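Tertiary structure, described
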Amino acid sequence: MNTAFVTWTNTECEDVFPLYFGKFDEYCDQYKSYVAINSISDHIPSRHVQLVNKEGDPFYKRFLSCLEKIQEENIIYMQEDHILYSKPNHDLITEYINFLNNSDYSCLRLIKSGEMGGDRLNKTLFNVPMNSSFLFSQQTAVWKRKDLIKLLKFYRPKTYRDVEMYGSSACSVLGIKSCYHYDNEERVGSLHFNSNVFPYIATAINKKKWNMSEYKELLSTLLLEYNIDYSIRGVC
C-alpha cells in the first residue's frame, strides 16, 4: 500500500505518547508511520520514523520539511490527541484510498466534522462544497501528498492556528476538493460525529487539558488502562 500515516506532534505532549502510540500500534501496526516532531523523543516506539523539524520556523516550513522526506503517494494525517479506541475498518479505508487515487479529490476525511452538508457521493462518502468554511480540516484524513504540499506552499500558514483559519480559502482558490465519511454515526459535540471507519477521539486534548466534557467515560477508561494521572494535565 502506497500510503503512510503522518502524526504531527511536539515533545511537550510526551505524556500523551504512551496512550496515542499504544492504541495506534494496537490497531494500525500494518501501516508505515512517520512522526513530524520538534526533536527526537525516546517515548516513541522505534518502528515510527521520527522526522525532526525546526521549531522556530513557520509551521508550513516545518511540515513541508517532513512531507518532502516521505516517498508514499498518500498520507493519513494524524495528531497525538487523535486517540484510537477501537479497530478501524481497514478494508473500507483501502476502498477509500482507491477512490481518492482514481478521482479529482485531494483529501478524504475519515470523520464527519465541521461541514454538515454536501452532496452524497456514495453510501458513506459526501462532498465538501467548494464554498464551505470547512473545506480544510485538521481532523484525520487521507491526503494525496503532492496536493497537500502544493496547498502548504501556496498559503504558507505561519502558525498552527493559521492552518485551519486560512486553509479553506486556500483550497477554494486552488480548486482542492475534499470529501468525508459519514455512516449515520452518533453526534459528539456540536460540530463532529463518531466514526465507524476510523474510531478515534476527536480530540482528546482541548486547550492543553484532557477533553472530559465530550469523552469522559471513554477517556477515563483509556487513561486508567495506561496509568496516566489526568490531574497533572488537568481536565476541561
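Above this text sits the structure in question.
This section reports on the structure supplied with the text. Here the structure is a predicted model, which means the values were calculated and not measured.

A few words now on the side chain of His 48. Looking at where His 48 falls in the secondary structure, it is placed in the loop between strand 2 (32–37) and strand 3 (49–52). Excluding its chain neighbours within four sequence positions, the residues that come into contact with His 48 are Phe 21, Phe 24, Asp 25, Ser 33 and Val 35.

Now for the pairing of strand 9 (residues 178–181). Judged by which residues are buried, strand 9 turns out to be covered on both faces: Ser 178 and Tyr 180 on one side and Cys 179 and His 181 on the other are all buried. Where strand 6 (residues 107–109) meets strand 9, three bridges bridge the pair, whose relative direction is parallel. Bridge pairing in strand 9 places Arg 109 opposite Tyr 180. One ladder, built from three bridges, connects strand 7 (residues 125–127) with strand 9; its direction is antiparallel. Its bridge partner being in strand 9, Leu 125 is matched across the sheet by His 181.

The strands that make up a sheet are held in pairs by hydrogen bonds between backbone atoms, and each pair lies either parallel or antiparallel. What the eight strands build is an open sheet, ordered 3-2-1-4-8-6-9-7; its pairing is mixed. Here the strands that pair on one side only, and so sit at the sheet edges, are strand 3 and strand 7. Neighbour to neighbour, the strand axes of the sheet diverge by 25 degrees on average, direction disregarded.

Once that is clear, we can look at the packing of aromatic side chains. Scanning all chains against the criterion turns up 17 aromatic pairs. Measuring from centroid to centroid gives 4.8 Å for Tyr 20 and Phe 21, while their planes differ by 85 degrees, and the two rings are edge-to-face. Connected via pairs of aromatic rings, a cluster forms that spans Phe 5, Phe 17, Tyr 20, Phe 21, Phe 24, Tyr 31, Phe 198 and Tyr 200. Above the face of the Tyr 182 ring, Lys 112 is positioned so that its terminal group lies 4.1 Å from the ring centre.

This paragraph deals with the layout of surface pockets. In this structure, the largest pocket encloses a volume near 1,500 Å³. Considering the residues around the largest pocket, the lining is formed by 41 residues, among which Gln 79, Asp 81, Gln 138, Tyr 160 and Ile 205 are closest to the centre. Broken down by secondary-structure element, the contributors of at least two residues to the lining of the largest pocket are helix 2 (59–67), helix 5 (160–174), strand 13 (205–206) and helix 6 (212–225). Residue composition of the lining of the largest pocket, by class: 10 nonpolar, 18 polar and 13 charged.

Okay, the packing of helix 4 (residues 145–155) against helix 5 next. Viewed as axis vectors pointing N to C, helix 4 and helix 5 meet at an angle of 105 degrees, and their least axial separation amounts to 10 Å. Classified by the interaxial angle, the pair formed by helix 4 and helix 5 is roughly perpendicular. Taking contact as the criterion, the partners of Lys 150, Leu 151, Phe 154 and Tyr 155 in helix 4 are, on helix 5, Asp 162, Val 163, Tyr 166, Gly 167, Ala 170, Cys 171, Val 173 and Leu 174.

Conventions we followed
- Residues numbered from 1 in each chain as written.
- Predicted model: local features only at pLDDT ≥ 70, side-chain atom pairs only at ≥ 80, totals over all residues.
- Heavy atoms only, no water.
- Helix = DSSP H or I, 4+ residues; strand = E, 2+ residues; numbered from the N terminus.
- Contact = heavy atoms within 4.5 Å.
- Buried < 20%, exposed > 50% of the residue type's maximum accessible area, 1.4 Å probe, protein only.
- Pairing = 2+ DSSP bridges.
- Axes fitted to C-alpha atoms, helices over the stretch in contact; angles between N-to-C directions.
- Phe/Tyr/Trp six-rings, centres within 6.5 Å; stacked < 30°, edge-to-face > 60°.
- Lys NZ or Arg CZ within 6 Å of the ring centre and 35° of its normal.
- 1 Å grid on protein atoms, 1.4 Å probe; cavity = no way out; pocket = protein on both sides within 12 Å on 5 of 7 lines; lining within 4 Å.
- Points joined across faces, edges and corners; volume = space filled by probe spheres on them.
- Nonpolar A, V, L, I, M, F, W, Y, C, P; charged D, E, K, R; others polar.
- Parallel < 35°, antiparallel > 145°, perpendicular 65-115°, else oblique.

So, to be careful, I would describe these as geometric facts and stop short of saying anything about function.
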